[in-house]
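Secondary and tertiary structure notes
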Amino acid sequence: MIEKLRTLAKMQGLDDRIGRYRMLQTELPEQLKDIIDSVDQATANLLAVETERATLTKLQRALETDIKQHTDHINKYSSQLAEIKTNKEYKALNSEIAYLKTKISDVESQLLELMDQDAELKGKAEQCKAELEKVELRKREKEGDLRAQINSLDAKIEETRNKRNNLARTLPEAIIKQYGKLIKNKNNQAVAYNKSGACGGCGIVIRPQIRIEMEQRKKINFCENCGRILMNGFDDLEEVL
Ligand SMILES: [Zn+2]
């Protein structure tokens, strides 16, 4: 009987492993998606900042053109001043020049503001570039490995299941059926170990009589509460698996 119990414990160990592979089948694609999404996001962020900068540059060019036009006008009017005959015309032209100078001064303040904004955006763009490089590096480092791991999981599950089935074949059919039913219905756990006098599956306290039987390993005990196969753990099982 002790060998049967040991076999059941080994089978549970293999089913635990299959459970971990199944979790990885969910987790690894999520990790991969996160990595790819972060690269997409960083790319979009950088593009947004660069677009904003391009718009700003256009505005700057437009303002510079304004300044140039105003300056050209001022120069033209200034040269006309010498030819002015009447005081009235002189005054009118002078006030036009003064008006243009105010406008230039306004545009120059706007231009300074835009330059400030541009400096800020330049900083942001550098941050975005650094972030993009970081996530791209992570993608280069991890993507291949993750894809390989994901692709290997089916085969690993298959291999582990075969090992478990080979062990199962050494047991009486009734026990195999019971085990399979428990794996299916009890959250992939058919075997529960004695955990300080309680069932490791459901936590209920094990009766003393059953604990003695578990100690003796002469029969298969079942938890009276959750129905799992109840046994004391095998110390040497890890190396077998
Ligand atoms: Zn239980």
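About the thresholds
Residues numbered from 1 in each chain as written. Predicted model: local features only at pLDDT ≥ 70, side-chain atom pairs only at ≥ 80, totals over all residues. Buried ≥ 20, exposed ≤ 12 C-beta atoms within 10 Å, placed from the backbone. Helix = DSSP H or I, 4+ residues; strand = E, 2+ residues; numbered from the N terminus. Pairing = 2+ DSSP bridges. Domains from an automatic or database assignment. Contact = placed C-beta atoms within 7 Å. Nonpolar A, V, L, I, M, F, W, Y, C, P; charged D, E, K, R; others polar. Core = buried A, V, L, I, M, F, W, Y, C linked by C-beta atoms within 7 Å. Expected span 1.5 Å × (residues − 1). Arc of directions from axis to C-beta.

1. Some points on helix α4 (residues 208-216)
- When you tally the buried positions in α4, you get zero out of nine residues, a small fraction of the element.
- Directly beyond the C-terminal end of α4, a positive phi value near 55 degrees is found at Arg217.

2. Concerning the sheet that holds strand β2 (residues 198-199)
- What the four strands build is an open sheet, ordered β2-β1-β4-β3; its pairing is mixed. Looking at the sheet topology across the chains shown, the edges are occupied by β2 and β3 (221-222).
- Relative to strand β4 (residues 229-231), β3 runs antiparallel, the two being bridged by two bridges. Residue pairing across strands places Phe222 opposite Ile229, the latter belonging to β4.

3. Let's talk about the domain arrangement of the protein chain
- Split into domains, the protein chain comes out as domain 1 (2-168) and domain 2 (173-240).
- Spacing between the C-alpha centres of domain 1 and domain 2 amounts to 55 Å.
- Every contact between the two is made by 13 residues of domain 1 and, on the other side, 14 residues of domain 2.
- If one sorts the elements of the side of domain 1 that touches domain 2 by residue count, helix α1 (residues 2-81) sits on top with twelve residues.
- Residue composition of the side of domain 1 that touches domain 2, grouped by class: six nonpolar, three polar and four charged.

4. Details of the nonpolar core
- Ranked by size, the top nonpolar core spans 17 residues in total, and within it Leu8, Val191, Ile229 and Leu230 carry the most contacts.
- Listed by contribution, the elements that provide at least two residues to this core are α1, α3 (173-185), β1 (191-195) and β4.
- When residues in this core are grouped by element, the largest group, five residues, is from α1.
- Of the residues that make up this core, three or more belong to each of domain 1 (2-168) and domain 2 (173-240).
- Not counting residues within four places of it along the chain, the set of residues in contact with Ile229 comprises Leu8, Leu182, Ala190, Val191, Ala192, Ile220 and Phe222.

5. Examining the environment of Ile36
- Here Ile36 is to be found in helix α1.
- Using a count of 13 C-beta atoms within 10 Å as the deciding quantity, one classes Ile36 as partly exposed.

6. Topic: the pairing of β1
- Pairing geometry for β1 and β4, over three bridges, is parallel. Counted as the bridge partner of Val191 is Ile229 from β4.
- Both β1 and β2 contribute to a ladder of two bridges, which runs antiparallel. Within β2, the residue paired with Asn194 across the bridge is Cys199.
- The hairpin formed by β1 and β2 contains two residues between the paired strands, and Ser196 there has a positive phi angle of roughly 50 degrees.

7. Remarks on α3
- The first and last C-alpha atoms of α3 sit 18 Å apart over 13 residues, in line with the 18 Å expected at 1.5 Å per residue.
- For α3, every residue scored as buried is listed here: Tyr179, Leu182 and Ile183. Seen from one end, α3 has its buried residues packed into an arc of 100 degrees, which puts them on one side. Of the exposed residues in α3, the ones pointing more than 90 degrees away from its buried face are Glu173, Ala174, Lys177, Lys181, Lys184 and Asn185.
- Residues of α3 that are buried in the fold lie against α1 and β4.
- One or two positions beyond α3, positive phi appears at Asn187, with a value near 55 degrees.

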